[in-house]
Amino acid sequence: MPYSQGTRLPGESASKLGHLSVIESEWVNSLINDFEYPKAQIADPSNTLWTEFNSLSAEPLRNVWAVDGSFVSVSSDGFPSRELSFVKTALLTMDRAKIDTIDKEHPHPLHLQDVMTGSAIFHATVFPLRNIRTSLGSNYEAIRNIIKDSVKVDENGIFYETLKWIVYQKWSSVPTNSPSFGCPHCMADIQGLPVDADRGHCGECHKEVFLTDMIGFHLDMDEDSAPESVPSAYMLIMELLMLFTVIRLLWHHTDKSQLSDTLFIKDGPLTLRSQYSKLVPSLRDFLEHAKNVGRPIHIIGQEKSGVFFDHLSTIARFTSPKERNDKLHYAVLSHDYVRKEVYRMPDLSHPYGKRTNWGEKMYVKFDPHTYMVLNIPTGAYNEENSFPSSEDLIGLERILTTLPSLISHKHEGALFPIELANGIASMSSYPSSKILQKFSQFPDGK
Ligand SMILES: [Zn+2]
């Protein structure tokens, strides 16, 4: 706070940048100059290696599945304020041949209905975050049990079955134990549950643990409350389980060709952060195995915000296509590029994405105004700086051949199937927030 004016001396005015001695630094000066008078960029400063896409041989993928989710937290009025969080995820499929007949700018509702009929399923649940008592136990116990029950509740437990299929590698001829995890009661290390187990006991405190505890939601909570990272992580895990449920069912389908003739689209990056990353090795192993036995699986994740999206936004205009009829261009981002050009931290000590990513990054520019950040799996991870290149991304040619027919012209850089999945998973299809608030204000908090 500046001193105020006295009777004898004038007051001190709030310091302007010009009064700081730090301005004498050449670096600070240059920062301020560039901040105030940005130089118009005339070329991509990151020297992105764009490739013109020229494949004539690749077949577009016939089927499309997309998944998306959302969550909303609602607080009650009054003190102490109660807080609940609703999570919803949606999975939908469409026949690409039908999508081609839809006007992407002004889709006719009846056409949309035709594409969508019987083709979407959704999942929803609710978590207590704060100040909600249940007669069964603490908030911590309530969330653990809600997670265990709600993963199982829809569609006769097929999503839960998928969790077991991934965790125990049931696609393999030699299934394995689950990854090890911290006991939710005493934090002792539990060396994995035996193949196909739904529950087990901690060797240390002998209390019961669930397979869903292995995922690690409890590490985000404390006894009385949970932060929004719990519903947000639950949403990501359910999106993953829903998408992989289709993959699992097609994997075991009698028509072996269907799986590799399908595009799977997830909203957001193919990343699982912190404790949730223990599922990443299983996903990579499966995708690598599928590739090696000649059944490649085509998956993309689309990043609509974040550091990659911001970076692409600043450089997209420098590359083709600059005219309507120019060809699609793409750039596969190596680990080296990601560090030096996107994060601008060349000396990170861990190989980029080693623990958390099950897809690598790429930029695609479709037309003068449409560009996207996509993630595509490679199967096994490789920590080389030059990794990945376009040959490493599973099914890149068929994916790039398919995507132009899925671009929406309603929103910039949007994919039509994600837009539709988003419509189903979004808050607008929840009860209105007034009703949610009422729900969270039951007099005894039950
Ligand atoms: Zn224990």
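Because the structure is a prediction, the values reported are computed rather than measured.

Quick notes on the overall build of the chain
Across its full length, the chain holds 13 helices and 15 strands. Looking at the chain residue by residue over its 446 residues, the buried ones come to 49%. Sequence-distant contacts in the chain: of pairs separated by 6 or more residues, those separated by 24 or more amount to 73%. Accessible surface computed for the chain: about 22500 Å², of which carbon and sulfur atoms make up 54%.

As for the sheet that holds strand E4 (residues 120-130)
Taken in spatial order, the nine strands make up an open sheet running E1-E11-E12-E13-E10-E9-E2-E3-E4, and their pairing is mixed. Only two strands of the sheet have a single neighbouring strand rather than two, namely strand E1 (51-52) and E4. Examined bridge by bridge, strand E2 (residues 63-75) and strand E3 (residues 83-95) share 13 bridges and lie antiparallel to one another. What sits directly across from Val72, in E3, is Phe86. Where helix H9 (residues 307-315) meets the sheet, it contacts strand E10 (298-303), strand E12 (360-367) and strand E13 (370-376), and its direction lies at approximately 145 degrees from that of E13. Sheet strands in contact with helix H12 (residues 416-425) are E2, E3, E4, strand E9 (262-267) and E10, and its direction is about 145 degrees off that of E3.

Some details on the coordination of the zinc ion
Protein-derived coordination of the zinc ion comes from Cys183 (SG), Cys186 (SG), Cys202 (SG) and Cys205 (SG), at a distance range of 2.3 to 2.4 Å. The sequence pattern describing where the donors of the zinc ion fall on their chain is C-x2-C-x15-C-x2-C. In this pair, Cys186 is assigned in the loop between strand E5 (181-182) and strand E6 (189-190) and Cys202 in the loop between strand E7 (199-201) and strand E8 (208-210), connecting sequence segments 16 residues apart.

Topic: the pattern of salt bridges
The tally for this structure, following the rule as stated, stands at 18 salt bridges. Across the pair Lys266 and Glu239 runs a salt bridge whose closest N-O atoms are separated by 3.2 Å. Within this pair, whereas Lys266 is found in strand E9, its partner Glu239 is found in helix H6 (residues 229-251), the two being separated by 27 residues in sequence. Neither residue differs from the other here; Lys266 and Glu239 are each classed as buried. The structure contains a network of salt bridges with shared partners spanning Glu161, Lys164, Lys170, Asp196 and Asp198.

What about the environment of Phe181?
With respect to the helices, strands and loops of the structure, Phe181 is situated in strand E5. Judged by relative accessible area, which is 3%, Phe181 ranks as buried. Each C-alpha atom of the pair Phe181 and Ile215 lies 7.9 Å from the other, and the pair is 34 residues apart in sequence. Setting aside residues up to four positions removed in sequence, Phe181 forms contacts with Ala188, Asp189, Ile190, Leu193, Val209, Phe210, Asp213, Met214 and Lys278.

Observations regarding the environment of Leu92
One can find Leu92 in strand E3. By relative accessible area, Leu92 is classed as buried at 0%. Distance in space between the C-alpha atoms of Leu92 and Ile424 is 9.0 Å, their sequence separation being 332 residues.

Examining the pairing of strand E11 (residues 329-332)
On E11, burial covers both faces: His329 and Ala331 on one face and Tyr330 and Val332 on the other are all buried. Note: E11 against E12, four bridges, orientation antiparallel. The residue of E12 that forms the bridge with Ala331 is Tyr363.

Considerations on the nonpolar core
In this structure, Phe217, Phe244, Phe264, Phe286, Ile297, Ile299 and Trp358 are the most contacted members of the largest nonpolar core, which totals 62 residues. The set of elements that each furnish at least two residues to this core consists of E2, E3, E4, helix H4 (139-153), helix H5 (158-167), H6 and helix H8 (280-292). Tallying contributions element by element places H6 first for this core, with 15 residues. Apart from the residues within four sequence positions on either side, Ile297 is in contact with Ile247, Leu259, Phe264, Phe286, Leu287, Ala290 and Ile394.

Overview of the pairing of E10
Here E10 lies mainly inside the structure; six of its six residues are buried. Neither face of E10 is exposed, since His298, Ile300 and Gln302 on one face and Ile299, Gly301 and Glu303 on the opposite face are all buried. Where E9 and E10 come together, five bridges link them in parallel fashion. Each residue of the ladder has a partner; that of Leu263, found in E10, is His298. Taken together, E9, H8 and E10 form a β-α-β motif whose crossover is right-handed. In the sheet, E10 pairs with E13 via three bridges, with the strands oriented antiparallel.

Parameters and conventions
- Residues numbered from 1 in each chain as written.
- Predicted model: local features only at pLDDT ≥ 70, side-chain atom pairs only at ≥ 80, totals over all residues.
- Heavy atoms only, no water.
- Helix = DSSP H or I, 4+ residues; strand = E, 2+ residues; numbered from the N terminus.
- Buried < 20%, exposed > 50% of the residue type's maximum accessible area, 1.4 Å probe, protein only.
- Contact = heavy atoms within 4.5 Å.
- Areas by Shrake-Rupley, 256 points an atom, 1.4 Å probe, with all protein chains shown as cover.
- Pairing = 2+ DSSP bridges.
- Axes fitted to C-alpha atoms, helices over the stretch in contact; angles between N-to-C directions.
- Donors = N, O, S within 2.8 Å, 3.2 Å for Na, K, Ca; no water.
- Salt bridge = Lys/Arg side-chain N within 4 Å of Asp/Glu carboxyl O.
- Core = buried A, V, L, I, M, F, W, Y, C linked by side-chain atoms within 4.5 Å.
- Right-handed = clockwise from strand over helix to strand, strands pointing away.

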